[in-house]
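# Chain and residue survey
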Amino acid sequence: MTSPDIAARRALGACAALLVGALTLTACGGNASAKSDDSKGGQQDSAARTSTAKIAISAKDGSTGASINTTGVQVSGGKLTDVKMTVSGSGQAVDGTLSADGSVWKPKEQLERGTKYEISATAKDSKGLTAAANSIFTTVNSANSYIGTYTPDNGTTVGVGMPVSFTFDKVITDKKAVQSHITVTSSSGQQVVGHWFGAQRLDFRPQDYWKAGSEVTMKIDLDGVEGANGVYGVQKKTVTFTVGRSQVSTVDANTQTMTVVRDGKVLKSVPVSTGSPEHTTYNGQMVISEKFVQTRMNSQTVGLGGEYDIPDVPHAMRLTTSGTFIHGNYWYSKGNPPFGREGTSHGCVGLADVQGAQGDTTAKWFYDNSLVGDVVIVKNSPDKTVQPDNGLNGWNLSWSDWTAGSSV
């Protein structure tokens with residue numbers, strides 16, 4: 001049984017406990033909003049403990065169209081101390097490089113299209129306080145992006161007729177946007193203009209052949225450029241190539257000879273055999289686009305019947321997409337060589353050669369002395385002039401027609 005005194009003491013103790021609790025709650029809540037000097041000091045201490053390093057991940061968290069070229073991490077007001085990038089799901093690490101001053105991190109290799117990645121980054125400011133940032137994102141996918149396959153390759157040496165040629169894997173509807181983000185310049189100072197062949201091919205060339213010895217630079221800045229509705233570019237790079245000596249070879253179908261002129265001087269005149277009366281050779285300026293020591297030629301692949309299937313045509317150099325080559329011929333009648341006398345081919349230009357691409361032959365000499373990008377001109381053939389988009393043969397357009405095909 002509880003006495004009145006005991007009950008009174010218990011009640012007093014409970015009130016005291018409640019009062020202490022109330023004071024405690026008031027103190028906890030009042031520290032963030034009170035205007036006293038002490039509370040000001042508390043706010044200053046809190047700010048002093050926040051890192052001044054600000055991390056920016058270029059691919060925003062949750063984004064689905066991140067760049068495969070420019071995704072990376074930057075920091076201001078501090079230095080990056082750790083960056084981890086992985087393929088989401090598999091955890092496969094993506095290697096990267098950190099700038100000397102610790103402010104920028106980039107992947108070493110171009111990212112894959114349509115792939116989900118994760119980035120976590122930490123940095124410290126001058127006081128050693130840490131900041132952190134994270135992002136999970138997906139790069140632009142193949143369906144919503146386009147790529148241009150181009151020629152010539154970086155670091156190559158080509159002939160004076162070699163254009164810069166892009167073939168895009170998607171139809172381009174905003175040609176102006178795409179063309180304006182590709183610039184081609186020459187150390188020679190020649191004006192270079194683009195020309196569209198349809199909606200997926202864009203070539204660049206000067207009015208006349210490139211100057212021998214010049215260096216050509218193309219800057220591709222298509223990353224994020226909308227080429228069609230909802231379809232964006234993913235390329236960003238600079239490519240340079242060198243123009244070699246000038247070599248232009250002229251095939252005369254009347255005389256069945258080819259005169260090779262290098263740097264303005266006749267190097268050699270050699271006998272050839274052009275197309276037969278039934279299968280004439282195109283006229284016009286044609287550019288060597290590929291070289292093969294040996295290659296197979298099958299008449300069915302160029303829309304003919306079963307006239308020929310030769311597995312080892314020697315010293316073959318492509319002049320048109322449709323199948324015109326200048327190449328060696330070892331299957332001619334040794335008792336009645338056609339070279340220098342008559343046209344007997346299915347439209348190609350033939351030179352005397354031997355099977356196996358060995359030996360000191362006319363075809364081997366011309367092959368060894370030719371570059372991709374050299375020009376071969378055919379004249380006096382009963383055929384028409386080659387179409388400018390049949391191979392790298394835009395030189396068959398006048399300068400006014402060429403510039404009319406530009407979108408900028």
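One structure accompanies this document, and this report is about it. (Residues numbered from 1 in each chain as written. Predicted model: local features only at pLDDT ≥ 70, side-chain atom pairs only at ≥ 80, totals over all residues. Heavy atoms only, no water.)

### Observations regarding the sheet that holds strand E16 (residues 226-228)
The sheet built from 3 strands is open, its strands ordered E8-E17-E16 with mixed pairing. Edge positions in the sheet fall to strand E8 (145-146) and E16, since each of these pairs with one other strand and no more. When E16 meets strand E17 (residues 231-233), the two strands line up antiparallel, connected through 2 bridges. Looking at E17, one finds that alanine 228 is bridged to valine 231. (Pairing = 2+ DSSP bridges. Helix = DSSP H or I, 4+ residues; strand = E, 2+ residues; numbered from the N terminus.)

### With respect to the side chain of serine 145
By the element assignment, serine 145 lies in strand E8. Residue serine 145 is classed as buried on the basis of its relative accessible area of 0%. Among the polar contacts made by the side chain of serine 145, one reaches the side chain of arginine 113 at a distance of 2.7 Å. A polar contact is formed between the side chain of serine 145 and the backbone oxygen of asparagine 141, at a distance of 2.8 Å. In contact with serine 145, other than residues within four places in its own chain, are Arg113, Val140, Asp169, Lys170, Val231, Tyr232 and Val234. (Buried < 20%, exposed > 50% of the residue type's maximum accessible area, 1.4 Å probe, protein only. Polar contact = N/O pair within 3.5 Å; in protein donor to acceptor, adjacent residues only side chain to side chain. Contact = heavy atoms within 4.5 Å.)

### Observations concerning the packing of aromatic side chains
In this structure the tally under the stated criterion is 11 aromatic pairs. With 6.0 Å between their ring centres and 75° between their planes, tyrosine 146 and phenylalanine 168 make a pair best called edge-to-face. Here phenylalanine 168 lies in strand E11 (residues 164-168) and tyrosine 146 lies in strand E8, a separation of 22 residues in the sequence. For the residue pair tyrosine 146 and phenylalanine 168, the accessibility class agrees, reading buried in each case. Here tyrosine 209 and tryptophan 395 contribute two aromatic rings whose centre-to-centre distance is 4.9 Å and whose plane-to-plane angle is 80°, an arrangement assigned as edge-to-face. Linking tyrosine 209 in the loop between strand E14 (201-206) and strand E15 (215-221) with tryptophan 395 in the loop between strand E27 (375-379) and helix H5 (399-404), this pair joins segments that are 186 residues apart in sequence. (Phe/Tyr/Trp six-rings, centres within 6.5 Å; stacked < 30°, edge-to-face > 60°.)

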